[in-house]
Amino acid sequence: MLFLKAPSVLKAPPVTSERRKELQLFEKQAGIRFRRLELLNLAFSHRSFANENADNIGNNEKLEFLGDAVLGLVVSEYLFNTLSDRNEGDLAKIKSFVVSEDSLADIAKSLRVDNFILIGKGEEYSGGRSKKAILADAMEAILGAYFLDSGFLPSRRFILRVLVPEINKVLEDRHRKDYKTLLQEYSQKRFKTYPKYILVEKTGPDHNKTFWIEVKINEISFGPGKGKNKKEAEQNAASIAYATLIAEKKPQKKQ
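From a predicted model like this one, the values you see are computed outputs, not experimental measurements.

Rules and cut-offs
The residue numbers shown here count from 1 along each chain, following its written sequence. Residue-level local features of this predicted model are given only where pLDDT is at least 70; pairs of side-chain atoms are given and counted only at 80 or more, and the full residue set underlies all totals for whole chains, interfaces and linings. With hydrogens and water stripped out, all remaining heavy atoms of the structure feed into the side-chain values. When a carboxyl oxygen of Asp or Glu is within 4 Å of a side-chain nitrogen of Lys or Arg, the pair counts as a salt bridge. A run of DSSP states H or I qualifies as a helix once it reaches four residues; a run of E qualifies as a strand once it reaches two. Both are numbered from the N-terminal end. Partly exposed residues are those whose accessible area sits between 20% and 50% of the maximum for their type, while under 20% is buried and over 50% is exposed, using a 1.4 Å probe and protein chains only. Lines fitted to the C-alpha atoms define the axes, with helices restricted to the stretch that makes contact. Angles between their N-to-C directions range from 0 to 180 degrees. Angles below 35 degrees are treated as roughly parallel, those above 145 as roughly antiparallel, those between 65 and 115 as roughly perpendicular, and all remaining angles as oblique. Should the near helix be turned anticlockwise from the far one by less than a right angle, the crossing is termed left-handed; should it be turned clockwise, right-handed. Note on definitions: a residue-residue contact is assigned when non-hydrogen atoms from the two residues lie within 4.5 Å. Three residue categories are used. Nonpolar comprises Ala, Val, Leu, Ile, Met, Phe, Trp, Tyr, Cys and Pro, charged comprises Asp, Glu, Lys and Arg, and polar comprises the others, including Gly. Paired rings are identified among Phe, Tyr and Trp, the last through its six-membered ring, by centres lying within 6.5 Å, and are further divided according to the angle between planes into stacked (under 30 degrees), edge-to-face (over 60) and tilted (the rest). Note on terminology: a nonpolar core comprises buried Ala, Val, Leu, Ile, Met, Phe, Trp, Tyr and Cys residues joined through side-chain atoms within 4.5 Å. Paired strands, as defined in this entry, are two strands with at least two bridges between them according to DSSP.

One pass over the structure, following the stated rule, counts 13 salt bridges. Of the charged contacts, one joins K180 and E234 as a salt bridge, the two residues approaching to 2.7 Å between their closest N and O atoms. With K180 in helix α10 (residues 179-191) and E234 in helix α11 (residues 230-249), the pair connects residues that are 54 residues apart, well separated along the chain. Assessed through its relative accessible area of 18%, E234 is described here as buried. Among the ionic pairs, K209 bridges to D206, the shortest N-O distance being 3.4 Å.

Spelled out as C-alpha cells, the structure:
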C-alpha cells in the first residue's frame, strides 16, 4: 500500500504511553485504525494547545484543510451516484447541510471527540471542548489524518459510515434547519428585501458571554434570539422570525 507522507512541518504532540491508550480508545469507538498514531494525535491538537506549548508543537489546521477537501469529494460523489434524478442545486443544498458545522459537531460528539481534544488552559476554561466550531474542525482534521495514514478508500468507507445517516436525515427532512438561509430566501421572495440582524444585548463575563440578537424585516423586529455566540443567536432569531411569518401565511381554520 502507498502511504502518503505527512509534511515534516506538522510536529505532532508526543504520544506518551498514557496518551497511546487514549488514542486507541478513540480508534475503538470510531471503528478505525491508525498506523501512525502521531497523525491522529496531531488531529486533536487545537491551536490554543499548540500556542501554549514550548516545544513548537503543531496544530490541526492543515489536517482540517485536507479533511474538508476529502469530505467534500466523498459526499459529492455519493450524492452524484445515488441521487442522479436531482439537479445540481438540490445536490449542493443537501451537501451544505451534511457537511455543515452542526452536522460535523454532532458526529464528533457521537464519537466522543471532546474527550480527546488537546486544548489550551484558557480554551478549556471557556468550555472549548463543547464548542461546535472546535468539534467540527477536529472532525475534519481526523478525516485528513486518516486519509494521510490509510489512503482514500478506507477514508471513504469511514466517511460514508458516519455521514450517510446525516444524508438520510436531510432527505427525510429530519435535519437541523439553517433558519438564516430559509429566512433570507423567504424574505427575498415575499418582501423583496434582506433580513437585518441587530445585537441588542450582550451579557456575562468574557469567557462565557450570552448574545441577544433581533432580526428586522421591513422595519418589523422579531426575537430576540439568544446564543453563546453571535452565529447561534442569529440562527435562533431567524427561527423565531421564520416560524412567525410562515404561521401568518397559513389559512385560518373555520370555527
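Taken N-terminus to C-terminus, the directions of helix α4 (residues 61-82) and helix α9 (residues 152-171) make an angle of 65 degrees; their axes are 10 Å apart at the nearest point. One finds that α4 runs roughly perpendicular with respect to α9. For the pair α4 and α9, the crossing hand works out as right-handed. In this structure, α4 uses V70, L71, L73, V74, V75, E77, Y78 and L79 to contact α9, whose residues at the interface are F152, S155, R156, I159, L160, L163, V164 and I167. For the contact of α4 with α9, a count of residues per class yields 13 nonpolar, one polar and two charged.

What follows covers the packing of aromatic side chains. Across all of its chains, the model carries seven aromatic pairs by this definition. Ring plane angle 90 degrees and centroid distance 5.2 Å describe the contact between F26 and F44, whose orientation is recorded as edge-to-face. Pair noted here: F26 is in helix α1 (residues 17-30) and F44 is in the loop between α2 (37-43) and α3 (47-52), with a separation of 18 residues, a long-range link. By relative accessible area, F26 is classed as buried at 0%. Taking relative accessible area as the criterion, F44 reaches 0% and is therefore assigned buried. Summarising the aromatic geometry, the rings of F26 and F116 are spaced 5.5 Å apart at their centres and angled 70 degrees between planes, so their arrangement reads as edge-to-face. Here F26, found in helix α1, pairs with F116, found in the loop between α6 (101-110) and α7 (121-125); they are 90 residues apart in sequence, far enough to count as distant.

Moving on, we get to the nonpolar core. Most often, soluble globular proteins have nonpolar side chains that are buried together. Ranked by size, the top nonpolar core spans 52 residues in total, and within it F26, F44, V113, M139 and F158 carry the most contacts. Here the element with the most residues in this core is helix α8 (residues 132-150); it accounts for twelve residues. Those residues in contact with F26 that lie beyond four places of it in its chain are I32, L40, F44, L111, V113, F116 and I142. L183, F222, A238 and L245 belong to the second largest nonpolar core, which has nine residues in total.

Strand order in the open sheet made by the three strands is β1-β2-β3, with antiparallel pairing throughout. Every interior strand has two partners, whereas the edge strands, β1 (196-203) and β3 (220-227), have only one. Strand-to-strand twist in this sheet, taken as the mean axis angle between neighbours without regard to direction, amounts to 25 degrees. When strand β2 (residues 210-217) meets β3, the two strands line up antiparallel, connected through six bridges.

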